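Observations on chain architecture
For reference, the chains in residue letters:
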Amino acid sequence: MTELTLTKTEFASGTWQGLLTGSPETPQLSVTHLNDEISGVSVTETKEAGTWLVQVPIPTEIIADGVQTLVISDAATRQTLQRISLIAGDALDDDLRAEIDLIRAELDLLKRAFRRHCSETT
């Protein structure tokens, strides 16, 4: 049996999408969050043989403070194919990306104030 490979293609509008290769037949996938099965996962065949479009809707009830991880695995072998991580709320307080966004906002504020000062004093 060939090795399954799941590659993320997009994550938008609450749906994670990826392409699964290495399975001539419809793969059986399991998506879990804290050992609870996520429903609504779809696997559809693409025009290319052995390639499948995987769509995972992210349930709103799992979105919470901290890091939430969904695990996509092959239902038959339990091999982990991909992980989806969501970070929200208080966990972002120490996140470098959030700090950079704050610094950018403060820099924009200082630039506007400096420009206003320069235009008023000339």
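Since the structure is predicted, the reported quantities are computational estimates derived from the model, not experimental observations.

Spatially, the four strands line up as an open sheet ordered β4-β3-β7-β8, and their pairing is antiparallel. With partners counted over all chains shown, the strands left at the sheet margins are β4 (36-37) and β8 (80-88), one partner each. Relative to strand β7 (residues 66-74), strand β3 (residues 29-33) runs antiparallel, the two being bridged by five bridges. Bridging from a neighbouring strand, V31 pairs with I72 of β7.

Let us now look at the nonpolar core. The biggest cluster of nonpolar side chains holds 17 residues, and the ones touching the most others in it are L6, L20, V56, I58, L70, I72 and I84. Elements that contribute at least two residues to this core include exactly β2 (15-21), β3, β6 (51-57), β7 and β8. Sequence-distant contacts of I72, that is, excluding residues within four places in its chain, are made with L6, W16, L29, S30, V31, V56, Q79, T80, L81, Q82 and I84.

The subject of this paragraph is the sheet that holds strand β1 (residues 5-12). Judged by pairing direction, the sheet is antiparallel, and its four strands sit side by side in the order β1-β2-β6-β5 without closing on themselves. Bordering the open sheet on either side are β1 and β5 (42-45), each of which pairs with just one other strand. Taking each pair of neighbouring strands and ignoring which way they run, the sheet shows an average axis angle of 25°. One ladder, built from seven bridges, connects β1 with β2; its direction is antiparallel. Note that in β2 the partner of F11 across the bridge is W16.

Conventions we followed
- Residues numbered from 1 in each chain as written.
- Predicted model: local features only at pLDDT ≥ 70, side-chain atom pairs only at ≥ 80, totals over all residues.
- Heavy atoms only, no water.
- Pairing = 2+ DSSP bridges.
- Helix = DSSP H or I, 4+ residues; strand = E, 2+ residues; numbered from the N terminus.
- Core = buried A, V, L, I, M, F, W, Y, C linked by side-chain atoms within 4.5 Å.
- Buried < 20%, exposed > 50% of the residue type's maximum accessible area, 1.4 Å probe, protein only.
- Contact = heavy atoms within 4.5 Å.
- Axes fitted to C-alpha atoms, helices over the stretch in contact; angles between N-to-C directions.

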